[in-house]
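Breakdown of the fold
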Amino acid sequence: MIQHDSKLSTGPKSQDLGGKNLVNNGLSLSELQSQFKQYLMFQNGRIDEHIDSTEELSNDFRLAIYANAYCMRLVETLQKDFPAIFYLLGDDGFTQVALDYIKKHPSQHPSLRFFGQYFSEFLHQDTDYRAMPYLSELAQLEWLLVEAFNAKDVSLIQESDVANVPPEAWSTLVLHFHPSIHCFQYRWNIIPLWQAEQNQQTPPQPEKLDSEETCLVWRQNFMTLYRTLEPDEALVLGDVLEGADFSDMCASLSTLFSPDEVAMKAAGLLKSWVNAGLISDLSW
Amino acid sequence: MTEITHNQQRPYLGFGLGLRPDYYDEILTHHPNVDWFEILSENYMVGGGKPLYYLHAIREKYPVVMHGVSLSIGGTDPLDMDYLKQLKTLAQSVNPHWISDHLCWTGQGGNNLHDLMPLPYNDEAIKHVAQRVRQVQDYLGQQILLENVSSYVSYRHSVMSEWEFYTAVVEEADCLMLLDINNIYVSSRNHNFDPMEYINAVPIDRVQQFHLAGHTDYGNYVIDTHDHPIVDSVWELYKKVLPVFGHISTMIERDDLMPPFSELMQELEQARSIGESVLGPHQYHFNGIQGKAV
C-alpha cells in the first residue's frame, strides 16, 4: 500500500484553476525564477507570495527546504575539495567560512567541480580570514590537487626520446609539460597541515617557515602527487614552465653551480622530470 | 489478470545502476550482472584523468546512458552553448544509448543553483520549455529524455497538474520521458495527490526509462535524498506502474551514503524479480547480443 493513502487528494487540474494567473499579477517565468534565486542566495525577495501553503507545511517551510539544500550542497562541495581546511577548522568553523564564500562567489558554472576555484583567493582577501594566511596557502594546495585530478590527458615522453635529441638541438630545446603540473610558493607549514588530515592526526600549530618554499603538484598514472622542490629545481622549473629553453635553464643553474656541474645538474633534472611523468613533448 | 500494455517500440536495456566512483574497481574486477550503467554527464565533462579512464573502460563492457543535471531546460537564461558543446563531445566519445536531463530550471541571471528547481505548470512554461527542448534536440541530433523532479513547493502560478504539464511539454517538444517513480511518490506526499493518477495520465509511448531511488521521510514531508535504500512504498508503486507501461529500462539511483556494492546489487535483483513476477521475461537485443532481461 502507498503510505498516507487516506490523505491523498487529487492535484490541481486546469479545469479547476482556470484564470489563476490573474491572481499573480502576471509575474513572468523569468521574474519568478529571479525572485526564487534572490531568496536562495540572499534570503530576500517576494517568492513566498507565489508559493502555496498547506495545513501540513507552510510556504516558508517549503522554501526553507530549497534554501537549506542550496547552501548544504555548496558547503559539501567545498568540504570535499578542501578536506584539510575542513579538518583544521572543524564543522562549525568550516561551515561559516563556506557560507561567507558562497555569498561572495555564488556558482556561475554548470558543474560544481569549478565552485572552489576562488576559495584560496577569498581566504587571502577577506578581512575575516586574511589574518590566517596559512588557510589561503593550504586552500591553494588543495585546489591544485583538484585541478591536477581533472587535467587533460596527454601522452608522455620516455628517456629514449631524450636520447634521440640531436646534439645541435639542445641549445634551443623546449620542454612541454603535462597539463596537470602546477608550481606554487608558500610561507607556512601547509604540508604537515595537509598531511595531518590525510593521516587523521592532530594538526600541528600553524607556523611561518624560515623562508619561502615551492611545491610541485602533478598527476601520474591517475594519482595526484606533490613534492617540495629544492631551491635549484624550483628556480629552473619555474623558468621552463614559462617557456624558457634548455640553454636558459643552464644559464639559471650557472648562478648556483660551477660550470663543470651545470650540464650534469641540468641533465639530472631533465631525467627526473621525464621519469616523474612531467614532460609530454620536446621541441627545438 | 491485469492486461499489460507493452511499450514495444522503445529500446530496452534491462536493469541498470548509476556509475559512481566508489564502484569503479568493483565493476571492472568482478563484472557484476548489471545490464547497463547511467552516468552523471557533468562528472565526465573534464579534460581527462581517472573518471574518463574508468568510464571508457566500463563502456567497453556495458551499455551506458548519459544523465545530466545542469541543462536548465526550464531556465530563462539563454541555453548554455558551451555546456551543450561539452555534452555533445562527451556523447560522441561515449556513444550512449540515450541522453536525459530534468524538467526543471537550475540557474538564473548567470548563477547556478545546483538544484532541480520546479517550474510553474502553465502555458508560458510549456511553450518556453518545449522550444528549448527542440533547440537542444536539433543541436544534439537526437531526442532527449526529460525526468520529472521531486518538488516541495507549488506555485500559485500553476494552472494544471504536474502530469498535465509534463505531458504537454513532451508532446509539444516531441521528446521522451524518464519517469522517476520515487520522485512521483515524493511529490505525491508533499503535495497530497494520488501517484497512480499521475502514472495513468502519462503518455505510455513516450516513456523510455524509469528511475528508482531512496528518500528521507520526515513524516509530514519527504525529501528526495538518494541516500537510503528504496522504501517499500516505492517498490509497491513500481509494481503498480509496470502493468501500465510494460518493460521499461529501469535504473537504481544512489548518490550519497554509498553502501557496499552488494547492497545495490540486492536492490537491482529485487527490481528484476518484481519485473519478472509482474510482466514475465523479456527478450531483448542490444549490441547484437540477444538476452533475457529478467
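For clarity, every value in this text was computed on a predicted model and none was experimentally measured.

A count of helical and extended segments in chain A gives 11 helices and 5 strands. With respect to the three principal axes, the spread of C-alpha positions in chain A is 90 × 40 × 40 Å. Taking all 284 residues of chain A together, 42% fall into the buried category. Restricting the contact set of chain A to residue pairs at least 6 apart, pairs at least 24 apart contribute 66%. Put simply, chain A shows about 14,600 Å² of open surface, and 49% of that area lies on carbon and sulfur atoms.

Time to look at the environment of Q108 of chain B. Examined against the element boundaries, Q108 of chain B turns out to sit in strand β5 (residues 105-108). Assessed through its relative accessible area of 12%, Q108 of chain B is described here as buried. Taking C-alpha positions, Q108 of chain B is 6.0 Å from D77 of chain B, a pair spaced 31 residues apart along the chain. Among all residues touching Q108 of chain B, those that are not within four sequence positions of it are S30, Q33, S34 and K37 of chain A together with T76 and D77 of chain B.

Bringing the environment of E207 of chain A into the picture now. Mapped onto the secondary structure, E207 of chain A falls in the loop between α8 (190-198) and β3 (208-220). Taking the C-alpha atoms as reference, E207 of chain A lies 9.8 Å from L193 of chain A; in sequence the two are 14 residues apart.

With that out of the way, let us pick up the nonpolar core. In this structure, F36 and F119 of chain A together with L179, F210, Y238 and F245 of chain B are the most contacted members of the largest nonpolar core, which totals 143 residues. With sequence-adjacent residues up to four places away left out, L179 of chain B is seen in contact with N148, Y166, I184, Y198, I199, V202, V207, Q209, F210, H211 and F245 of chain B. With 29 residues, the next largest nonpolar core counts L173, L216, M249 and C250 of chain A among its residues.

Next up on the list: the confidence of the model for chain B. Residue and element names in this part refer to chain B. Summarising the model, chain B shows a mean pLDDT of 93, and 93% of its residues fall at 70 or more. Low confidence marks residues 1-6, where pLDDT is under 50. Its contacts with residues over four positions away, or in another chain, come to 14 contacts. Confidence drops under pLDDT 50 across residues 285-294; counting only partners more than four residues distant or on other chains, this segment forms 31 contacts. Under the prediction, the complex receives an ipTM of 0.92, its pTM being 0.90.

Moving on, we come to helix α11 (residues 259-275) of chain A. Residues and elements named next belong to chain A. Taking 1.5 Å per residue, 17 residues should reach 24 Å; α11 reaches 25 Å between its end C-alpha atoms and fits that length. Within α11, the full set of buried residues consists of V262, A266, L269, L270, W273 and V274. Viewed along the axis of α11, the buried residues span an arc of 135°, placing them on a single side of the element. Every exposed residue of α11 that faces more than 90 degrees away from the buried side is listed here: D260 and M264. The secondary structure elements touched by the buried residues of α11 are α7 (159-163), β1 (174-177), β4 (223-229), α9 (231-241), α10 (246-253) and β5 (279-283).

As a further point, take the interface of chain B and chain A. With 66 residues of chain B at the contact, the number on the chain A side is 59 residues. Carbon and sulfur atoms supply 56% of the area buried between chain B and chain A, which totals about 5,400 Å² over both sides. Per-residue buried area on chain B facing chain A is highest for H114, R156 and H157 of chain B; these three make up 15% of the total on that side. Summed over the shared surface of chain B and chain A, the number is 25 residue pairs in polar contact (both at pLDDT 80 or more). With 7 residues, strand β6 (residues 111-117) of chain B is the single largest residue contributor to the side of chain B that touches chain A. Its residues placed into classes, the side of chain B that touches chain A shows 24 nonpolar, 29 polar and 13 charged.

Residue and element names in this part refer to chain A. It is the contact of α9 with α11, at a shortest axis distance of 12 Å, that shows an interaxial angle of 70°. Between α9 and α11, the angle falls in the class roughly perpendicular. Contacts between α9 and α11 pair D232, E233, V236, L237 and V240 from the former with K265, L269 and W273 from the latter. Residue classes in the contact of α9 with α11 are distributed as 5 nonpolar, no polar and 3 charged.

One can find H157 of chain B in the loop between β7 (145-147) and α5 (162-173). For H157 of chain B, a relative accessible area of 3% gives the class buried. From its side chain, H157 of chain B meets the backbone oxygen of L27 of chain A in a polar contact 3.4 Å long.

Let us now look at unusual backbone geometry. One non-glycine residue, Q43 of chain A, lies in the positive phi region at around 55°. Looking at the element boundaries, Q43 of chain A is found in the loop between α2 (29-42) and α3 (59-81). The exposure class of Q43 of chain A is partly exposed, given its relative accessible area of 45%. Even without glycine at this site, H114 of chain B takes up a positive phi of about 55°.

Once that is clear, we can look at the sheet that holds strand β12 (residues 249-253) of chain B. Residue and element names in this part refer to chain B. Spatially, β1-β2-β3-β4-β7-β8-β9-β12 is the arrangement adopted by the 8 strands of the closed barrel, whose pairing is parallel. Taken over all neighbouring pairs, the strand axes of this sheet differ in orientation by 30° on average, direction set aside. The strands touched by helix α3 (residues 81-94) within the sheet are β2 (36-40), β3 (64-67) and β4 (99-102), with β3 carrying the most contacts at an inclination of about 175°.

Here we come to the sheet that holds β3 of chain A. All names here are of chain A. Spatially, the 3 strands line up as an open sheet ordered β2-β3-β4, and their pairing is antiparallel. The two strands at the open ends of the sheet, each matched to only one other strand, are β2 (182-188) and β4. Within this sheet the neighbouring strands show an average axis-to-axis angle of 30°, counted without direction. Note that β2 and β3 share 6 bridges and pair antiparallel. In the strand pairing of β3, F184 is matched with C215. Strand contacts of α9: β2, β3 and β4, with the helix running at about 120° to β4, the strand carrying the most contacts.

Under the 1.5 Å per step criterion, the end-to-end length of helix α4 (residues 123-140) of chain B is 26 Å for 18 residues, consistent within 8% with the ideal 26 Å. Turning to α4 of chain B, its buried residues number three or more, namely A125, I126, V129, A130, R132, V133, V136, Q137 and L140 of chain B. In the core, the buried residues of α4 of chain B are packed alongside α2 of chain A together with α3, β4, β7 and α5 of chain B. One or two positions beyond α4 of chain B, positive phi appears at G141 of chain B, with a value near 75°.

A few words now on the environment of H128 of chain B. By secondary structure assignment, the location of H128 of chain B is in helix α4. Between the alpha carbons of H128 of chain B and A173 of chain B there is a distance of 9.9 Å; along the sequence they are 45 residues apart. Apart from residues no more than four positions distant in its own chain, H128 of chain B is found in contact with L29 of chain A together with I73, G74, G75 and T76 of chain B. In this structure the side chain of H128 of chain B is engaged in a polar contact, spanning 2.6 Å, whose partner is the backbone oxygen of G75 of chain B.

About the criteria used
Positions within a chain are numbered from 1, following the residues in the order the chain's sequence is written. Here every chain gets a letter starting at A, and every ligand a number starting at 1, in the order they are written. Reporting in this predicted model follows two pLDDT cut-offs: at least 70 for local features of residues, and 80 or more for side-chain atom pairs to be given and counted; totals over whole chains, interfaces and linings ignore these cut-offs and use all residues. Side-chain figures throughout are based on the complete set of non-hydrogen atoms in the structure, without hydrogens or water. Elements are defined by DSSP. Helices are runs of H or I of four residues or more, strands are runs of E of two residues or more, and each kind is numbered from the N terminus. Partly exposed residues are those whose accessible area sits between 20% and 50% of the maximum for their type, while under 20% is buried and over 50% is exposed, using a 1.4 Å probe and protein chains only. Two residues form a contact once any of their heavy atoms are found within 4.5 Å. Only the protein chains shown count as cover for residues, with accessible areas throughout obtained via the Shrake-Rupley method and a probe of 1.4 Å. Buried residues of nine kinds, namely Ala, Val, Leu, Ile, Met, Phe, Trp, Tyr and Cys, make up a nonpolar core once their side-chain atoms join them within 4.5 Å. The quantity called pLDDT is the predictor's confidence in a given residue, expressed from 0 to 100. To estimate how far a helix should extend, the number of its residues minus one is multiplied by 1.5 Å. The arc in question is formed by the directions pointing from the helix axis toward the C-beta atoms. Once two parts are put together, the accessible area they lose, assessed with a 1.4 Å probe and summed over both, is termed the buried area. Counting of polar contacts relies on pairs of N or O atoms within 3.5 Å, with two restrictions inside protein: one atom must be capable of donating a hydrogen and the other of accepting it, and residues adjacent in sequence are counted only when both atoms are side-chain atoms. Classes in brief: Ala, Val, Leu, Ile, Met, Phe, Trp, Tyr, Cys and Pro nonpolar; Asp, Glu, Lys and Arg charged; the others, Gly included, polar. Think of each axis as a best-fit line through the C-alpha atoms, taken over the contacting stretch in the case of a helix, with angles from 0 to 180 degrees between the N-to-C directions. In this scheme, roughly parallel covers angles under 35 degrees and roughly antiparallel covers those over 145, while 65 to 115 is roughly perpendicular and the rest are oblique. At least two DSSP bridges between two strands are needed for those strands to be called paired.

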